[in-house]
Amino acid sequence: MARVDLKNLTKKFEDVIAVNNMNEVIEDKQFVVLVGPSGCGKTTTLRMIAGLEEVTGGEIYIGDRLVNDVPPKDRDIAMVFQNYALYPHMDVYNNMAFGLKLRKTPKADIVKRVNNAARILKIEELLKRKPKQLSGGQRQRVALGRAIVRDPKVFLMDEPLSNLDAKLRVQMRTEIAKLHQRLDATIIYVTHDQTEAMTMASKIVIMKDGLVQQTGAPQEVYDHPNNIFVAGFIGSPAMNFVDVTVTDRITLKNKQFELETPSKIKEIIKNNDLVGKEVVVGIRPEDLEDSQFVPEAKDTNIITANVEVTEPMGAEIYVYVDIDGVLMTARVIPKSKLKSGDVAKLFVDIETIHLFDKKTEKAYI
Amino acid sequence: MVLKKSILYIIIIILILIWLLPIWTSFLAAFKSPEDFINQKFYELPSEFSLIENFKNVFSIYKLHRHFLNSIIYAVAGGTIAIIAASLAGFSIIRLKPKFNFPLFLIIYSGTLFPFQIFLIPLYKMFNTIGLYDTRIGMILFYSAICIPFSLFVYRGFYTTIPREIEEAARLDGCNSFKLYLHIFVPQSIAPTAVIALFQMTWIWNDLLFGMILTRSRSTRPIMIALASMSGPSGGTIIPYAMAGAIFTSIPTILLFILLRKYFIQGMVLQISNE
């Protein structure tokens, strides 16, 4: 296994900058997830590490070796593709053994490695089948098996679960996480699904328009987003954003509410000299609750708004309310009787709110 | 509904009969002795079974078997060379993307845009000049060249359907470009290769024009010229012999179709979906 070091990595496609001066260290045995919307440069980054895309600028190190000009086959990496990319004319055994055969691995060793990988992935009985005789989940396992048998320094995975149905995706998510623990491998995983990123990663790299927005442990990124993009991208349902003005009394005021600030927020306001200015306040849906069920609810920590729609999820209810033309989501307990057309009083857990600059969209610290 | 279906079936049966009639009479003629053929109505069954006798005469008088060998060599060698060259070219144009790959493709493909006859005179002159006239090598070269454009068109279309990720996975597994072609592209090309083999080998087998212009001697002339010359310069054709010869010359193409029909149908589907 090895660490991967990206230094000032840049990729341009004619005039479009797909990856812009990326600096990132992926430590040995780390499970790093590159996450972001379509076109953010995450797959391009992965493909540059794999050697499938030429680097426009910067350096890629795998271990201590500069690999910019090393062909893909000599980088000691294995990749799992979104559409599995299994060889249709080969059976499962040969799909997994192909890379080893090309490397002139002794036959006994190939048999041992393939059987071992098949056992780990529970596909032993499929070894004689062709890819077209397999289900999506089975194909994905074979694709993983093909990577495992190579025993590479780094595993690269390009949205490997996005072609699976929802239930299978959750199941394979756990399996890949288990696999990571079992193999003790360095894994770089690309996805646009923030849930996958949150549940699997030891480190998340969030990208947008070719730029890294934030890097960190999933919980850290969730709790302390750097900017509005990260705050809105990580977490489901997404964070709510409302424009407010910081009053002289250091409250956050909007047409529909005025929230008293706790000492932590007061300090941020003071440090950034925000009194009298307009800021964006970010509130996670789980930090809003039906005030009926919160004893400490009072006028200074509730938002009153019209309920547009409610979505009962079983364990919770999503309540969508209209705040000054903006639709906000609250995750309230299932006991709540709020329904569409009601005037809801939502308690805000003010300790956990986030403040962002309206222009730069950066978080105030 | 039943009436509609019945009418449809009647029309189909009539069409089949119309189509089968000349084949049936040819077969029938091949089984008849020359005397029977002259004395009987064309639809009457032969009074004696003369097919073997007719075949014997075809071989002893017209030496059709020698030309048969020539044509087998041309079809197999020409078809094989065209298949290898066109699949390599298709792979290169689609996957290695050399500079000017599309103009290169167009130049090669333009071989099918013009009627073949326009090549006749220049080819005849060129073959004479460089000593390829009336040689088997010359014929093999010509047939492979004429088959390449269509073959390239089919391979090029087929290779675009192989997902890019499979190529990338193979490269990560350790393939260079040639191994990629050999281990990944070739094994997947059975269906298009069957289509090309069937079409092109049949074309070479059935060619009369180029064989007639570019060869002269018995050791090089393909079978169709021999079959055509059975009719004789003054029209004194012995029809049962000619029909026996026609059946004999049809054997390879029929066998080829039976052999490749499974892949041929796959290939046709593939080709249609590409176009």
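Residues numbered from 1 in each chain as written. Chains lettered and ligands numbered in written order. Predicted model: local features only at pLDDT ≥ 70, side-chain atom pairs only at ≥ 80, totals over all residues. Heavy atoms only, no water.

Novice: I would appreciate a short explanation of the interface of chain A and chain B in the present structure.
Specialist: Reports of interface size often rely on the accessible area that becomes lost once the parts have come together. Taken together, the contact between chain A and chain B spans 21 residues of the former and 16 residues of the latter. Both faces considered, chain A and chain B share a buried interface measuring about 1600 Å² in area, 65% of it formed by carbon and sulfur atoms. When the area that chain A buries against chain B is broken down by residue, the three leading residues are Y87, H89 and L102 of chain A, summing to 31%. At the surface where chain A touches chain B, the tally comes to 2 salt bridges. (Contact = heavy atoms within 4.5 Å. Buried area = accessible area lost by both parts, 1.4 Å probe. Salt bridge = Lys/Arg side-chain N within 4 Å of Asp/Glu carboxyl O.)

Novice: Looking at this structure, how should I read the sheet that holds strand 3 (residues 31–35) of chain A?
Specialist: Sheets are built from strands paired through backbone hydrogen bonds, the pairs being either parallel or antiparallel. Residues and elements named next belong to chain A. Strand order in the open sheet formed by 6 strands is 6-7-8-3-9-10, and the pairing between neighbours is mixed. Each edge of the sheet is formed by a strand with only one pairing partner; in this case those strands are strand 6 (77–80) and strand 10 (211–216). Strand-to-strand twist of the sheet, defined as the mean angle between neighbouring strand axes without regard to direction, takes the value 15°. In terms of strand pairing, strand 9 (residues 203–208) meets strand 10 through 5 bridges, oriented antiparallel. Across the sheet, the residue bridging to I204 is G216, located in strand 10. Helix 4 (residues 136–149) rests against strand 6 and strand 7 (154–158) of the sheet, and its axis sits at about 175° to strand 6. (Pairing = 2+ DSSP bridges. Helix = DSSP H or I, 4+ residues; strand = E, 2+ residues; numbered from the N terminus. Axes fitted to C-alpha atoms, helices over the stretch in contact; angles between N-to-C directions.)

Novice: Is there a simple way to think about the domain arrangement of chain B in this case?
Specialist: All names here are of chain B. Taken domain by domain, chain B consists of domain 1 (1–49) and domain 2 (50–274). Between the C-alpha centres of domain 1 and domain 2 the distance comes to 32 Å. Taken together, the contacts link 11 residues of domain 1 with 11 residues of domain 2. Summing the contributions of domain 1 and of domain 2, the shared interface buries around 900 Å²; its carbon and sulfur component is 75%. Area buried by domain 1 at its contact with domain 2 is led by A30, P34 and F49, which between them contribute 50% of it. Our count for the domain 1 to domain 2 interface comes out at 0 salt bridges. If you list the elements that add at least two residues to the side of domain 1 that touches domain 2, you get helix 1 (2–31) and helix 2 (34–39). Broken down by element, the side of domain 1 that touches domain 2 gets its largest block of residues, 5 residues, from helix 1. (Domains from an automatic or database assignment.)

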